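Take a look at the letters that make up each chain.
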Protein chains: 2
Amino acid sequence: MNEFDLIQSYFNWEITDPSIELGVGDDAALFNLNPGHQLVTSTDTLVEGIHFFKDASPSDIAYKSLAVNLSDIAAMGAIAKCFTLSLTLPKLDKKWLEQFSSSLKESSKLFHVNLIGGDTTKGPLNITITMMGSIEIDSSIKRSGAREGDDIYVTGDLGSAALCLKKIKEGDKPSQIELNSLNKPIPRLELGSALRNLASSCIDVSDGLEQDLSHILRASNVGAIIDTNKLPLGDSVNNYVKDTNDWSMPLCGGDDYELCFTAGKSKRDKISALAKNLETRVTRIGTINSQKELEVIGFSGMRSSYQHF
Amino acid sequence: MNEFDLIQSYFNWEITDPSIELGVGDDAALFNLNPGHQLVTSTDTLVEGIHFFKDASPSDIAYKSLAVNLSDIAAMGAIAKCFTLSLTLPKLDKKWLEQFSSSLKESSKLFHVNLIGGDTTKGPLNITITMMGSIEIDSSIKRSGAREGDDIYVTGDLGSAALCLKKIKEGDKPSQIELNSLNKPIPRLELGSALRNLASSCIDVSDGLEQDLSHILRASNVGAIIDTNKLPLGDSVNNYVKDTNDWSMPLCGGDDYELCFTAGKSKRDKISALAKNLETRVTRIGTINSQKELEVIGFSGMRSSYQHF
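**Some words on the sheet that holds strand E1 (residues 20–22) of chain A**
- Strands sit in the order E1(A)-E2(A)-E3(B)-E6(B)-E4(B)-E5(B) across an open sheet of 6 strands; the sheet is mixed. Here the strands that pair on one side only, and so sit at the sheet edges, are E1 of chain A together with strand E5 (114–122) of chain B. Put simply, the sheet's adjacent strands are angled 20° from each other on average, direction ignored.
- With 3 bridges joining them, strand E2 (residues 29–31) of chain A and strand E3 (residues 37–47) of chain B adopt antiparallel strand pairing. Along E3(B), the bridge assignment pairs Leu30(A) with Val40(B).
- Along the sheet, helix H3 (residues 94–110) of chain B contacts strand E4 (79–89) and strand E6 (126–136) of chain B; its crossing angle with E4(B), the most-contacted strand, is approximately 170°.

**Observations concerning the pattern of salt bridges**
- Within the structure shown, the criterion is met by 28 salt bridges over all chains.
- The residue Glu170(A) makes a salt bridge to Lys166(A) at a minimum N-O spacing of 3.0 Å.
- Take Glu170(A): its relative accessible area is 51%, and that puts it in the exposed class.
- In this structure, the salt-bridge partner of Glu48(B) is Lys54(B), at a minimum N-O distance of 3.1 Å.
- Linked through salt bridges whose partners overlap, the residues forming this network are Asp26(A), Asp27(A) and Arg143(B).

**Quick notes on the sheet that holds strand E8 (residues 201–205) of chain A**
Residues and elements named next belong to chain A.
- Strand order in this open sheet of 6 strands is E8-E10-E7-E11-E9-E12, and the pairing throughout is mixed. At either margin of the open sheet sits one strand with a lone partner, and together these are E8 and strand E12 (294–297). Ignoring strand direction, the axes of neighbouring strands in this sheet form an average angle of 25°.
- Against the sheet, helix H2 (residues 58–75) contacts E8 and strand E10 (258–263), and its axis sits at roughly 170° relative to E8.
- Lying on the sheet, helix H7 (residues 209–220) is in contact with strand E7 (151–155), E8, strand E9 (223–227), E10, strand E11 (282–289) and E12; it crosses E8 at an angle near 155°.

**A short note on the relation of the copies chain B and chain A**
- Overlay of chain B on chain A (RMSD 0.0 Å): rotation 180°, translation along the axis 0.0 Å. In short, the pair behaves as if placed about a two-fold rotation axis.
- An overlap of 100% is found between the interface residues of chain B and their copies at the interface of chain A, pointing to a shared contact surface.

**With respect to the packing of helix H2 (residues 58–75) of chain B against H3(B)**
Residues and elements named next belong to chain B.
- At their nearest, the axes of H2 and H3 sit 8 Å apart, and the two run at 35° to each other. Where H2 crosses over H3, the two elements pack in a sense that is right-handed. Counted together, Pro-58, Ser-59, Ile-61, Ala-62, Tyr-63 and Leu-66 of H2 and Trp-96, Gln-99, Phe-100, Ser-103, Leu-104, Ser-107, Ser-108 and Leu-110 of H3 form the full contact between these two elements.
- Tallied by class, residues from the contact of H2 with H3 come to 9 nonpolar, 5 polar and no charged.

**Here we look at the domain arrangement of chain A**
Residue and element names in this part refer to chain A.
- Taken domain by domain, chain A comprises domain 1 (3–136) and domain 2 (143–297).
- On a C-alpha basis, the centres of domain 1 and domain 2 stand 26 Å from each other.
- Both faces combined, the contact of domain 1 with domain 2 buries some 1,600 Å², and carbon together with sulfur accounts for 62% of it.
- Summed over the three residues of domain 1 that lose the most area to domain 2, namely Phe-53, Tyr-63 and Lys-64, the buried surface amounts to 30% of that side.
- Here domain 1 and domain 2 share 3 salt bridges between them.
- A salt bridge links Lys-184 to Asp-60; the nearest nitrogen and oxygen atoms lie 3.7 Å apart.
- For the interface between domain 1 and domain 2, the tally reads 6 residue pairs in polar contact (both at pLDDT 80 or more).
- Looking at side-chain class alone, the side of domain 1 that touches domain 2 contains 12 nonpolar, 2 polar and 4 charged residues.

**Some words on helix H1 (residues 3–10) of chain A**
- Glu3(A), Phe4(A), Leu6(A), Ile7(A) and Tyr10(A) are the residues of H1(A) that are buried. Projected down its long axis, H1(A) carries its buried residues within an arc of 165°, all on one side.
- Among the structural elements, helix H3 (94–110) and strand E5 (114–122) of chain A together with helix H7 (209–220) of chain B are those in contact with the buried residues of H1(A).

**Quick look at the interface of chain B and chain A**
- If you look at the interface, chain B gives 63 residues, while chain A gives 63 residues.
- Taking both sides of the interface into account, the surface hidden between chain B and chain A amounts to around 5,300 Å²; carbon and sulfur atoms contribute 54%.
- The tally of links between chain B and chain A comes to 6 salt bridges.
- Measuring nitrogen to oxygen at the nearest pair gives 2.3 Å for the salt bridge that ties Lys142(A) to Glu21(B).
- For the pair chain B and chain A, the interface holds 27 residue pairs in polar contact (both at pLDDT 80 or more).

**Notes on unusual backbone geometry**
- Of note, Asp255(A) is a non-glycine position whose phi angle comes to about 75°, a positive value.
- Here Asp255(A) shows up in the loop between helix H9 (248–252) and E10.

**Description of helix H10 (residues 268–277) of chain A**
All names here are of chain A.
- Those residues of H10 that sit buried are Ile-271, Leu-274 and Ala-275. For H10, the arc enclosing every buried residue in end-on projection is 100°, short of the 170-degree limit, so these residues lie on one face. Across H10 from its buried face, at more than 90 degrees, point the exposed residues Asp-269, Lys-270, Lys-276 and Asn-277.
- Of the residues trailing H10, Glu-279 is marked for its positive phi of about 50°.

**Things to note about the packing of aromatic side chains**
Residue and element names in this part refer to chain A.
- If you walk through the whole model with that rule in mind, you get 13 aromatic pairs over all chains.
- Taking 6.1 Å as the distance between ring centres and 50° as the angle between the ring planes, the aromatic pair formed by Phe-11 and Trp-13 counts as tilted. The burial state of Phe-11 is the same as that of Trp-13; both residues are buried.
- Through pairs of rings, three or more aromatic residues link up here, namely Tyr-10, Phe-11, Trp-13, Trp-96 and Phe-100.
- The ring of Tyr-63 has Lys-184 sitting right over it, with the charged end atom 5.1 Å from the ring centre.

**Examining the side chain of Asp44(A)**
- Structurally, Asp44(A) can be placed in strand E3 (residues 37–47).
- As a buried residue without a salt bridge, Asp44(A) has its nearest oppositely charged side chain in Arg143(A), at a separation of 8.9 Å.
- Residue contacts for Asp44(A): discarding those within four places in its chain leaves Val68(A), Asn69(A), Asp72(A), Ile127(A), Thr128(A), Ile129(A) and Asp119(B).

Conventions used here
- Residues numbered from 1 in each chain as written.
- Chains lettered and ligands numbered in written order.
- Predicted model: local features only at pLDDT ≥ 70, side-chain atom pairs only at ≥ 80, totals over all residues.
- Heavy atoms only, no water.
- Pairing = 2+ DSSP bridges.
- Helix = DSSP H or I, 4+ residues; strand = E, 2+ residues; numbered from the N terminus.
- Axes fitted to C-alpha atoms, helices over the stretch in contact; angles between N-to-C directions.
- Contact = heavy atoms within 4.5 Å.
- Salt bridge = Lys/Arg side-chain N within 4 Å of Asp/Glu carboxyl O.
- Buried < 20%, exposed > 50% of the residue type's maximum accessible area, 1.4 Å probe, protein only.
- Least-squares fit on C-alpha atoms with pLDDT ≥ 70 in both.
- Left-handed = near helix turned anticlockwise from the far one by under 90°.
- Nonpolar A, V, L, I, M, F, W, Y, C, P; charged D, E, K, R; others polar.
- Domains from an automatic or database assignment.
- Buried area = accessible area lost by both parts, 1.4 Å probe.
- Polar contact = N/O pair within 3.5 Å; in protein donor to acceptor, adjacent residues only side chain to side chain.
- Arc of directions from axis to C-beta.
- Phe/Tyr/Trp six-rings, centres within 6.5 Å; stacked < 30°, edge-to-face > 60°.
- Lys NZ or Arg CZ within 6 Å of the ring centre and 35° of its normal.
- Lys, Arg positive; Asp, Glu negative; His and termini not counted.

Structure follows, in structure tokens:
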């Protein structure tokens, strides 16, 4: 099977967005932006053995490849629109491709994004998606907007994905809820988009709260204090921290794909209402200050961060 | 070194395009399009052992990763603007990264494109670039526009990269000119852009003339006849074909990154003038007809195509 046939068979789906003039099947894709909007783009790669296990289900890999990229678009407050897929495969495994392709198609529908192009190559399994979205000019939520006195919030729970990964690595059997937190993260697209006129800064917590909040602080040239007693933890992470006094999962654990954002104190009511309206857990965990560092209080245990290299 | 430090050290360069509001360093990049323009995007991946040898120079890999993506933008007649880079590396090799980064930066300057974002991950060497460009609405050159009676052209020479690869694989030492054809393809950006009002269809000849021209024919629902006597061959390919009667290199050899395009007969003078003006070899090799297939004449030897899987 040549590359052309492979793409035709598995990755040439109907385009549902009329602003996309040309999708898969030419040298490049073509699409239009609404007037007054700008492009938002993000790229994330998943590698076998690093971001998922060798025996991971192709459906989970496809879903997650899309979700982690959507999460970055959400963190800008933008609307996701379309994406390119670069798929490096060790061999032509039709069963694998069918499952991957079918899950990616289904997930694309769920999140209202279209596949517009890509590349398939032979080699060790590697999935790179570049997601494109749009946002009204001057509306994006950057990392650099946090100001002294702002509240700090996070969505969802922290640490569940990291704890699930730890259990699998150590041979324990995680629950289905824990597996979902690792394999089926929900990109906070609606909330991100609704935060455009409320949040002063926002980031996707994919490398752990401590590291990602530090990026906001550095970009905004401010400091912060957060209280571990306020961190939103699911039951299993809560139990784990109580048992071990190890705070690595909620503070440094990656793969949560929740949003961490800041907003002025005057926005508290609006943010509460938004959270309720979108049925999304949003928790206030600390305050931005004028120091140049991140202080973590209510905490006496240990923690350690993931290093990419 | 964490991912953040790696990106800061090697991939956070000054943005030279004022329409790019945000480059490397946030969840996503932001940029504006000129009014009346649309987005053009393309993704290509290079994998160690498939697209380059294990001992390939990091400079060559960086250059080529960019060039192959630019070639797709050129084939649409568009202007390249910016790109994301996803780099999967087996280990943190500072010397490798320095050479790769420095060559990518230099090549980016040469082609007037900006790096706006990306991802670095650990794993088998894999470089995925997504190139973004822009073009006036309704001006792009698609594969589907070829019409009966149109002339068929190609730029440059055909088969040199494939012959060079064959020599290396068989233990022969290629000349510097041959190595350049493999490692330093020149994306035909100026010519592609100038063809916007002249060419009826265009494709990037990266999988071999025969296969890529067939994509034009299928998309345009036409046929073609090309004459091998007219194919532009460099000296070494010419000699090889004479010696072996094997036409695989110029007809089916990949990696040439030349443009194959069609244009009405009335455009001949303008195309000649353009080729002269841009000092680019442009050769008329055949004609589009109403058959539904590609006929290759002037040819009695053998040929075989590369299969990706």
